[in-house]
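Secondary and tertiary structure notes
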Amino acid sequence: MTDGVPQIPPSAVDVDLSAVADGWDRSMSDLETGMWRMEESQPRLRTPIVAVDLLDRPPDWDRLVRAHEWASHIVPRIRMRAVEPAFGLGNPVWSVDPEFDLGYHLRRIRLPAPADFNHALRICRHMGTEPFDKARPPWVAMLIEGLDDGRAVYVVKTHHSMTDGMGGIRMMTLLHSRRSAPSPNKPDRLPAPPEHLSHFEALGQDVMTEVRKAPGRITGLITGATRAAVGALADPIGAASDALGYANSLRRIVTPPPAAGLPLLRGRGLGRWFGVLEVGLPEFKAAARAAHGSINDAYVAALLGGFRRYAQAHGQQIGPIPMGMPVNMRAASDPSGGNRFAAVRFAGPAAEADPVERIKKVRAIVLGLREEPAIDAIDLAAPVLKRLPNWLLAEWYLSQSTGLDLQASNVAGVPVPVYLAGARIERMFPFGPAPGCAVMATLVSHVGTCCIGVNLDTAAVTAPKLFMRCLQESLDEVIALAGPDEGTQR
């Protein structure tokens, strides 16, 4: 969770290549392994991250191809596929695809006239629902041309096991430039050499990875146990209180939120629908400030208000909405790859009609959750969960995620104008995966505009256009808190 403060390098020229390329784990983490394998048993658990850039014009295609080629030199993971270890023992290992073909991953289409952004968004949605070819690096990008107004759309889809939302934004900055003209003197590297990793070699690499990590884990366990023992001897009452506090925190984190959800949204399926919203960052800040909250508080409150309006439009009463939210655990020094987030769940106060009170309630809940000692409980449990049979792990995850009506994410974006192969990026719309939940909403700030991508499960939200209209009305209601002149204040 962030307050929408841009912290991402705005240009490939400014990127520290060692920070971007180095430090990537060769083996998937236990959490990533679960995401990679569960979808084989349950297609509803597919986890594509889809980013959609709206461009002021079609970019130069040859430059775009060269930019992707260059990025694949800087970040070897772009050229890597996941190799399963023999007999499924251990975690998949990332290995440079010996048949890497940029032409497969980077595509180009032209829409037939008439065509607008909504037509392009449908292509992005279909692209987002297609499963990855797991024999190749798990990402695909496409340039969509032919919009009537002369603009174009660039869309990229990556598997969640490859990176999380923040990592994906960092990787995409490699393709960005602060100017429309080419940057001929960018630092470069030779591409990673092809690797012919067998399943048995993958098993061996994963075993060696675990061996290398073992001393640190053992040291950590010994250090933690020693500290706990010393602490218990020095202050037995305090130690017992800490243990009880962690146990209570764990119960709050792993048990379902105390909300039954909206019966109207009970269905779940494979269908997806993409919708977009946008609002000025200064106006959003002013509205949040007027209610003594952060942008994230105002954002979540606006989403919950949309749920309230949608229920009312169907003649239903609404109570608290069960929802989830990722908490960013990624440090500035972390590499772009991999997943570094924790997940929290809570009952969103959707029944609150007053937007100011709704923002205050959201703020109180979120501040409390960020201080939970057991916030990383799922990550700690991942080594145990990944050893379950795929079908059982998938069923367990579905039992947790299908109880959520909403997941909301907020990712810092780019604060200055940037270009993609000569075309200016006007908007960046993110669409997070919706594995089991009814609605996944993601916000990215871009040059003074908050761009919100909404990924809907069409089995749950059967009237997507009405739902988006309800979200827009709720967002307008929140923005109105700023007053007529407040939005111009920074």
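Above: the structure in question.
Residues numbered from 1 in each chain as written. Predicted model: local features only at pLDDT ≥ 70, side-chain atom pairs only at ≥ 80, totals over all residues. Heavy atoms only, no water.

Observations regarding the pattern of salt bridges
Applying the stated criterion to the full structure yields 20 salt bridges. Between glutamate 39 and lysine 134 there is a salt bridge whose closest N-O contact spans 3.3 Å. Residue glutamate 39 is located in helix H2 (residues 30–41), and its partner lysine 134 is located in the loop between helix H5 (117–129) and strand E5 (139–145); the two are separated by 95 residues in the primary sequence. We classify lysine 134 as partly exposed; its relative accessible area is 21%. Its salt-bridge partner being arginine 151, residue glutamate 426 comes within 2.9 Å of it at the nearest N-O pair. Of this pair, glutamate 426 sits in strand E12 (residues 423–431) while arginine 151 sits in the loop between E5 and strand E6 (152–159), and the two are 275 residues apart along the sequence. We classify glutamate 426 as buried; its relative accessible area is 17%. According to the relative accessible area criterion, arginine 151 is partly exposed, its value standing at 24%. Through salt bridges with shared partners, one network takes in Asp149, Arg151, Arg424 and Glu426. (Salt bridge = Lys/Arg side-chain N within 4 Å of Asp/Glu carboxyl O. Helix = DSSP H or I, 4+ residues; strand = E, 2+ residues; numbered from the N terminus. Buried < 20%, exposed > 50% of the residue type's maximum accessible area, 1.4 Å probe, protein only.)

Some points on empty space enclosed by the protein
Within the structure shown, the criterion is met by 3 cavities of 30 Å³ or more. Lining the largest cavity are Glu39, Arg46, Thr47, Pro48, Gly128, Thr129, Glu130, Pro131, Phe132 and His159. Taken together, the residues that form the lining of the largest cavity break down as 3 nonpolar, 4 polar and 3 charged. Every residue along the wall of the second largest cavity is listed here: Leu277, Tyr299, Ala302, Leu303, Ile452, Leu471 and Leu475. For the lining of the second largest cavity, the elements supplying multiple residues, two or more each, are helix H10 (295–313) and helix H14 (464–479). With 3 residues, H10 is the single largest residue contributor to the lining of the second largest cavity. (1 Å grid on protein atoms, 1.4 Å probe; cavity = no way out; pocket = protein on both sides within 12 Å on 5 of 7 lines; lining within 4 Å. Points joined across faces, edges and corners; volume = space filled by probe spheres on them. Nonpolar A, V, L, I, M, F, W, Y, C, P; charged D, E, K, R; others polar.)

Considering the sheet that holds strand E11 (residues 419–420)
The strands that make up a sheet pair up through hydrogen bonds in the backbone, lying either parallel or antiparallel. Across the sheet, which stays open at both edges, the 6 strands sit in the order E4-E5-E6-E1-E12-E11 with mixed pairing between neighbours. Looking at which strands have only one partner, the edges of the open sheet turn out to be strand E4 (106–110) and E11. One ladder, built from 8 bridges, connects strand E1 (residues 48–55) with E6; its direction is antiparallel. Note that in E6 the partner of leucine 54 across the bridge is valine 153. (Pairing = 2+ DSSP bridges.)

Quick word on the nonpolar core
With 54 residues, the main nonpolar core has Phe284, Tyr299 and Val439 as its most contacted residues. Excluding anything up to four places from it in sequence, tyrosine 299 contacts Phe284, Ala408, Ser409, Asn410, Ala441, Thr442, Leu443 and Ile452. (Core = buried A, V, L, I, M, F, W, Y, C linked by side-chain atoms within 4.5 Å. Contact = heavy atoms within 4.5 Å.)

Details of the layout of surface pockets
For the second largest pocket, the calculated volume is near 400 Å³. Taken together, 23 residues line the second largest pocket, and the ones lying closest to its centre are Arg63, Ala67, Pro182, Ser183 and Lys186. Secondary structure elements with two or more residues in the lining of the second largest pocket: helix H3 (61–74) and E11. For the lining of the second largest pocket, the element with the most residues is H3, which contributes 6 residues. Tallied by class, the residues present in the lining of the second largest pocket amount to 12 nonpolar, 5 polar and 6 charged.

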